[in-house]
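Below, each chain spelled out in residue letters.
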Amino acid sequence: MDYNEILTAARGLVGPYCKACPVCNGRACGNMMPGPGSKLPGNTAARNFDKWQDIFVNMDTLCPVSEPNTDFELFGKHFKAPVFVAPLGAVNMHYGDKHNDISYNRILIKAAAEYGICALTGDGVDPTVMENAAVDIDAAGGIGIPTIKPWNREFVFEKLTKLKEKNVFAAAMDVDGAGLPFLKAMNPNAGSKSVAELSEIIAFAEKPFIVKGIMTPKGALKAVEAGASAIVVSNHGGRVQGCTPATAEVLPQIADAVGGKVKIFVDGGIRSGVDVFKALALGADAVLIGRPVVPFIYAAGAEGLKVYMDRIVSQLRDTMTMCGTPTLSDIGRDNVFIAK
């Protein structure tokens, strides 16, 4: 099946929150909680999308003919493109009962690794979700990144101990999930982490550690201080805290503050290879894409992921060619124009 055929098929398989829209822009699902949509006032996911559309690329074809190279390296591993799959959880609740987190992750992890990229997997109240993801990542040669919720210390360490038993090349924590109700209900407390607490977690992990949920330069520098290997500029799509800036709006100042000390991913509203190019130009090393991937997995499994990623990578390569940037390191802020 081609891209449009898969998307059409997905509309009969996902729901009630996700509509498998032609463009995943956060509008049809706004204020639908739980689910893909944003928390009241329901504008954050849409704002993430819209702000990438306010950024334009500067063409430059007065340059030598060259084949664009999208190769990306992270923590000693080589990938086909700087496009990873964002972590998602409770997919059966949010997207439909064809899959649960375990079956979804099993397809996603293997398909992403075979494609030459990497999937981050979600976490939730069922501990077997992360445990099964670690098994599937191990089977995929370690290519996958389990993302742990900011549980209390005891539960985080318990999860990290299980990860150490498997071949998992990196771990992550989505601190932007700190306001989730099931975390607030824990005793002892879970949720927000101090620099000291995060530092202890990262040291205990004993592997490259990604901190997801950074939205300010101050927050980025705290993550660097704690020992993070990479950060993800992310606002959780507005599902925990509404009325936040778009990730595209805060990325440049965060990149400036970090100054290359850690790798930077950006998540939220990136829906094309052109958007990936814009993100790299504004200071990201790579991007995460989450919600649009789900309908493609639901409708066509591994083939769905391949079709989706082929479209993104092809668009990125075409944009690199038209902007005179044959390698990822050639992409800079002079390659984009931001509308006022």
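All values derive from a computational prediction rather than experimental measurement. (Residues numbered from 1 in each chain as written. Predicted model: local features only at pLDDT ≥ 70, side-chain atom pairs only at ≥ 80, totals over all residues. Heavy atoms only, no water.)

(A) Main features of unusual backbone geometry. At the junction of Gly15 and Pro16, the peptide bond is cis and its omega measures out at 5° in the coordinates. Relative to the assigned elements, Pro16 resides in the loop between α1 (3-10) and α2 (44-53). Geometrically, the link from Asn187 to Pro188 is a cis peptide bond, its omega value of 5° lying close to zero. For Pro188, the position within the fold is in the loop between α7 (181-184) and α8 (195-205). A positive phi angle is found at Ala90, which is not glycine, with a value near 50°. In this fold, Ala90 is placed in the loop between β4 (83-85) and α3 (91-95). Judged by relative accessible area, Ala90 falls into the partly exposed class, the value being 25%. (Helix = DSSP H or I, 4+ residues; strand = E, 2+ residues; numbered from the N terminus. Buried < 20%, exposed > 50% of the residue type's maximum accessible area, 1.4 Å probe, protein only.)

(B) Up close: helix α12 (residues 293-322). With 30 residues, α12 extends only 26 Å from end C-alpha to end C-alpha; this falls clearly short of the ideal 44 Å at 1.5 Å per step. Residue Ala300 marks the point of greatest curvature in α12, where the axis turns by about 140°. A positive backbone phi angle near 70° is found at Gly324, which sits one or two residues after α12. (Expected span 1.5 Å × (residues − 1). Bend = angle between axes of the 7 residues up to and from the residue.)

(C) Expanded view of α8. Within α8, the full set of buried residues consists of Leu198, Ile201, Ile202 and Ala205. Around the axis of α8, the buried residues are gathered within 95° of arc, so they sit on the same side. Exposed residues pointing more than 90 degrees away from the buried face of α8 are listed as Ala196 and Ala203. Buried residues along α8 sit against α6 (153-164), β7 (171-174), β8 (209-214) and α9 (217-226). Within two residues after α8, Glu206 carries a phi angle of roughly 60°, on the positive side. (Arc of directions from axis to C-beta. Contact = heavy atoms within 4.5 Å.)

Just distances and angles here, no functional claims.
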